[in-house]
Amino acid sequence: AFGWLWFLLLLVPSSAAPLKETMAEHRPYLASLSLAWVLGDFLARRRWGLPATLALWIALGVLTWRRNAVWASEVALWEEAVERNPESAEAWYGFGDALRFDDRWSDARVAYRQSVDLEPSYIDAWNNLGLCNAELGRDTAAILAFEDALRRSPSSCRTHTNFGLFHIRRGRYSEGEAELRTALTYALVHGLGLAD
């Protein structure tokens, strides 16, 4: 009874309210401890329980070894996420971030593009698409991505800041200063609670 209660109680946070987390494998891991208790209790009461337990340990060991191969790199983990759920803009965004942090800018650009195609209002994906295009020297595409982000969310401080730095690095100081001032203005307005 304690095992089943543990299982239900630990899954309540995930079930009662929607979570922002794209991946929350720690939640089922903690809850599955109860299933191990229930299964252990069941096997302990059977004559064939010991051989079954040994077979289960071997099977779970192999599965754990295979799972660890995926968790060995952030890129592999997010690649699996987009393979399993190709319609998730958040999975593509996470894949893009993993690729970008791995200095695979061209691949990251493709992932962010997929993310914004699936969810056109995903401002962070537009912003990071702009960063990738800028890093790859695709200035026109970078400008379009930053402008798309700002058209959808004019108060995006992160996008104004990145767009400003983009201009400054290309010697367009007045445009860069204007974007950075806009970012600062929005940051102060939001920080003081003067905007939604």
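Located above this text is the structure these notes cover.
Only a predicted model underlies this, so the values are computations on that prediction, with no experimental measurement involved.

Quick notes on helix α6 (residues 105–118)
Then, number 1: With 14 residues, α6 ought to run about 20 Å at 1.5 Å a step, and its terminal C-alpha atoms sit 20 Å apart, in line with that.
Then, number 2: Taken together, the buried positions of α6 are W105, A108, R109, A111, Y112, S115 and V116. The buried side chains of α6 occupy one side of the element, clustering within an arc of 165 degrees when seen end-on.

With respect to a nonpolar patch on the surface
Then, number 1: Residues F2, L33 and W37 make up a contiguous nonpolar surface patch of about 310 Å² in total accessible area.
Then, number 2: Overall, L33 belongs to the partly exposed group, its relative accessible area being 38%.

Some thoughts on the packing of helix α9 (residues 157–169) against helix α10 (residues 173–191)
Packed helices, taken two at a time, are described by the angle between their axes plus the distance between the axes.
Then, number 1: Running from N to C, α9 and α10 point in directions that differ by 160 degrees, and their axes come no closer than 7 Å. Between α9 and α10, the angle is such that the two are roughly antiparallel. Like other packed secondary-structure pairs, α9 and α10 cross with a definite hand, here left-handed. Contacts from C157, H160, T161, F163, G164, H167 and I168 in α9 reach Y173, E175, G176, E179, L180, T182, A183, Y186 and A187 in α10.
Then, number 2: Along the lines of polarity and charge, the residues of the contact of α9 with α10 split into eight nonpolar, six polar and two charged.

What counts and how
Residues numbered from 1 in each chain as written. Predicted model: local features only at pLDDT ≥ 70, side-chain atom pairs only at ≥ 80, totals over all residues. Heavy atoms only, no water. Helix = DSSP H or I, 4+ residues; strand = E, 2+ residues; numbered from the N terminus. Expected span 1.5 Å × (residues − 1). Buried < 20%, exposed > 50% of the residue type's maximum accessible area, 1.4 Å probe, protein only. Arc of directions from axis to C-beta. Patch = residues over 30% accessible without salt bridge, like charges linked within 9 Å, V, L, I, M, F, W, Y side chains within 5 Å. Areas by Shrake-Rupley, 256 points an atom, 1.4 Å probe, with all protein chains shown as cover. Salt bridge = Lys/Arg side-chain N within 4 Å of Asp/Glu carboxyl O. Axes fitted to C-alpha atoms, helices over the stretch in contact; angles between N-to-C directions. Parallel < 35°, antiparallel > 145°, perpendicular 65-115°, else oblique. Left-handed = near helix turned anticlockwise from the far one by under 90°. Contact = heavy atoms within 4.5 Å. Nonpolar A, V, L, I, M, F, W, Y, C, P; charged D, E, K, R; others polar.

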